[in-house]
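# Architecture and fold: a report
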Amino acid sequence: KKLTEACSNEPWGASGTMLSELAKATYSYDDFKTVMTFVWKQAALTGSLWRVVYKSLNLLDHLLRNGSDRVIEDARDHLRELKALQKLEGLRSSAEKAAAAVGLPSAAPTPTRIIFALARRQNELDEFMSQYFARTWEHFDVNNDQLLDAADMPGFQKYMLSEQGIDLDALY
């Protein structure tokens, strides 16, 4: 019901509370499937349902920032659909007019913006991994046997993320 409400064709946006609840639902295996299937189904609509497409992109943008990491992976898997949405010229102008009419931010989540956000996050993560992984591995692989005990994994992750000074909130 919350998904239907968040992506309805009504002239008002979804509440922040509702978006947050949907983002939290992506951490559950079954709910993740339900949420993402719904988002991609709604984003594929055309014609007079441009408002539904706009709201589904808004929801996807929120999920990318606040949902589980699997949302990012799923969005990467659906890049073709996002790129196809870039061709909908009327979507952006209509969506921006509608957003202004109901008091939503003018920086509407467009397919292009979502694609660039995905690429930027992946680049930041790649840079971080190339910079810090080797040093962390050397710290934990004291016998040079190229193995790490499963019991050491939490310590490995904690060392890599905290000792290096990464801001986890900035990545997502």
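Presented here is a report on the structure given in the accompanying data block. None of the values given here were measured: they were computed from a predicted structure.

Basis of the calculations
- Residues numbered from 1 in each chain as written.
- Predicted model: local features only at pLDDT ≥ 70, side-chain atom pairs only at ≥ 80, totals over all residues.
- Heavy atoms only, no water.
- Core = buried A, V, L, I, M, F, W, Y, C linked by side-chain atoms within 4.5 Å.
- Buried < 20%, exposed > 50% of the residue type's maximum accessible area, 1.4 Å probe, protein only.
- Helix = DSSP H or I, 4+ residues; strand = E, 2+ residues; numbered from the N terminus.
- Contact = heavy atoms within 4.5 Å.
- Salt bridge = Lys/Arg side-chain N within 4 Å of Asp/Glu carboxyl O.

Ranked by size, the top nonpolar core spans 27 residues in total, and within it V35, M36, L59, L60, L63 and V71 carry the most contacts. Where this core is concerned, the elements lending two or more residues are α1 (2–6), α2 (16–25), α3 (29–43), α4 (50–66), α5 (69–77) and α6 (79–85). The residues contacting L63, other than those within four sequence positions of it, are L22, A23, T26, V35, M36, V39 and V71. Of all hydrophobic cores here, the second largest spans five residues; its members include F128, Y132, L148 and M160.

Bringing the pattern of salt bridges into the picture now. Scanning the entire structure with this criterion turns up two salt bridges. Of the charged contacts, one joins E21 and K2 as a salt bridge, the two residues approaching to 2.2 Å between their closest N and O atoms. Here the residue E21 occupies a position in helix α2, and K2 occupies one in helix α1, the gap between them amounting to 19 residues. Given a relative accessible area of 35%, E21 falls into the partly exposed group. Residue D61 pairs with R65 through a salt bridge whose shortest N-O separation is 3.3 Å. Of this pair, D61 and R65 both sit in helix α4, four residues apart, which is roughly one turn of that helix. Assessed through its relative accessible area of 39%, R65 is described here as partly exposed.

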